[in-house]
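One letter stands for each residue in the lines below.
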Amino acid sequence: MKPITALIGRIELPMLLAGVIVAGGLWGFLELMEIATDRAPHALDSEILLWFRVDGHPDLPIGPAWLPKMVRDITALGSAAVLTLITAATALYFFVVRRPASGLFVIAAVASGQIVATLLKTGIDRPRPDVVPHLMQESSLSFPSGHAMISALVYLTLGALASQTAHNQATRIYILSLAVFVSLLVGISRLYLGVHWPSDVMAGWCAGFAWAMLWWMAARLIQPNGGSAAASGDKASNIHNDV
């Protein structure tokens, strides 16, 4: 029992919480994938999409006339172009300040997440919803939502990096909460626009948050204890100091 007790004592609370997020995200994704593989539309999926439309008029979105345009602007925060630009700018910054390990970490996490999202879309092959008219044109497959998944991955990864520069716990919590809020907002925008089933978006969140936490945990596990990353040209002592 002593070795087990000693091992548990060495597990940090952040690592434990990250592990819970990964496990919960994977479980949630698998449950939602069962819904996606059922070709008959799920009743709750359809009902939630109709919440965003005027009762009896599925072609009319709820809210004032300016709201659809604003929602399209919000959904752009999860577009491939915007997320690629943010990722490239962040990675380039780390290379400029001579912290290449952090730059490579950001690139690897986002690029691998995009590959996984593409493979999942192709493998599950779920069509876009047809319950309501789409408020913007989309041609790719539906499950999981790439906007929800990659925005969750990018913003949570960058939020974890940025939170390490904060000098107090309240600021760290604010930064991470903001990252989660933006990710959730992007996913909800996809529902308002009618271009994704709710289960697509929820699966994207599950996968995105789990993937971000997996990379964060990997960075914590592979960094050498007390070692120096000077050999790689990184002025930080290890990736953990950045992530």
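Residues numbered from 1 in each chain as written. Predicted model: local features only at pLDDT ≥ 70, side-chain atom pairs only at ≥ 80, totals over all residues. Heavy atoms only, no water.

Caption draft 1: Broad picture of the packing of aromatic side chains. The full count for this structure, using the stated rule, is four aromatic pairs. Geometrically, the ring pair formed by F29 and F143 is tilted, given 5.5 Å between the ring centres and 40° between the ring planes. Here F29 is found in helix α2 (residues 13-37), whereas its partner F143 is found in the loop between α6 (100-124) and α7 (146-163), with 114 residues between them in sequence. Of the two residues examined, F29 and F143, each falls in the buried class. (Phe/Tyr/Trp six-rings, centres within 6.5 Å; stacked < 30°, edge-to-face > 60°. Helix = DSSP H or I, 4+ residues; strand = E, 2+ residues; numbered from the N terminus. Buried < 20%, exposed > 50% of the residue type's maximum accessible area, 1.4 Å probe, protein only.)

Caption draft 2: Focus on helix α9 (residues 198-222). Over its 25 residues, α9 runs 36 Å from end to end, which matches the ideal 36 Å to within 8%, given 1.5 Å per residue. Counted residue by residue, α9 has 18 buried out of 25 residues, so it is predominantly covered. (Expected span 1.5 Å × (residues − 1).)

Caption draft 3: Main features of unusual backbone geometry. Here the bond from F143 into P144 is cis, since omega is -10°, no more than 30 degrees from zero. Looking at the element boundaries, P144 is found in the loop between α6 and α7. Phi is positive for D125, which is not a glycine, with a value near 55°. Positionally, D125 belongs in the loop between α6 and α7.

Caption draft 4: Looking closely at the packing of α6 against α7. Here α6 crosses α7 at 165°, and the two axes come no closer than 10 Å. Between α6 and α7, the angle is such that the two are roughly antiparallel. Crossing of α6 against α7: the hand is right-handed. For the pair α6 and α7, the contacting residues are F105, V106, A109, V110, G113, Q114, V116, A117 and K121 in the first and G146, M149, I150, L153, V154, T157, L158 and L161 in the second. Among the residues making up the contact of α6 with α7, the classes are represented as 12 nonpolar, four polar and one charged. (Axes fitted to C-alpha atoms, helices over the stretch in contact; angles between N-to-C directions. Parallel < 35°, antiparallel > 145°, perpendicular 65-115°, else oblique. Left-handed = near helix turned anticlockwise from the far one by under 90°. Contact = heavy atoms within 4.5 Å. Nonpolar A, V, L, I, M, F, W, Y, C, P; charged D, E, K, R; others polar.)

Caption draft 5: Representation of a nonpolar patch on the surface. On the surface, a nonpolar cluster with roughly 470 Å² of combined accessible area is contributed by L92, F95, V96, L104 and I107. Looking at the nonpolar patch, the elements that each hand over two or more residues are α5 (80-96) and α6. For the nonpolar patch, the element with the highest residue contribution is α5, accounting for three residues. Within the secondary structure layout, L104 lies in helix α6. (Patch = residues over 30% accessible without salt bridge, like charges linked within 9 Å, V, L, I, M, F, W, Y side chains within 5 Å. Areas by Shrake-Rupley, 256 points an atom, 1.4 Å probe, with all protein chains shown as cover. Salt bridge = Lys/Arg side-chain N within 4 Å of Asp/Glu carboxyl O.)

Caption draft 6: Seen up close, the pattern of salt bridges. The final tally for this structure, using the stated rule, is five salt bridges. Across the salt bridge formed by R126 and D45, the nearest N and O atoms sit 3.2 Å from each other. On the criterion of sequence distance, the pair formed by R126 in the loop between α6 and α7 and D45 in helix α3 (residues 43-51) is long-range, its members being 81 residues apart. Comparing R126 with D45 shows no difference in burial state: the two are buried. Across the pair E138 and R128 runs a salt bridge, and its minimum N-O distance is 3.9 Å. With E138 in the loop between α6 and α7 and R128 in the loop between α6 and α7, the pair connects residues that are 10 residues apart, well separated along the chain. The class for E138 is partly exposed, based on a relative accessible area of 24%. Several salt bridges converge on common partners, so that one network encompasses D45, R126 and D200.

Caption draft 7: Just the nonpolar core, in detail. The biggest cluster of nonpolar side chains holds 25 residues, and the ones touching the most others in it are L191, Y192, M213, W216 and M217. Contributions of two or more residues to this core are made by α2, α3, α4 (67-75), α7, α8 (169-192) and α9. Looking at this core, the element that brings in the most residues is α9, giving seven residues. Ignoring anything within four residues of it in the chain, the contact list for M217 reads M15, A18, G19 and V22. In this structure, A36, V154, L161 and V182 belong to the second largest nonpolar core, which totals 23 residues. (Core = buried A, V, L, I, M, F, W, Y, C linked by side-chain atoms within 4.5 Å.)

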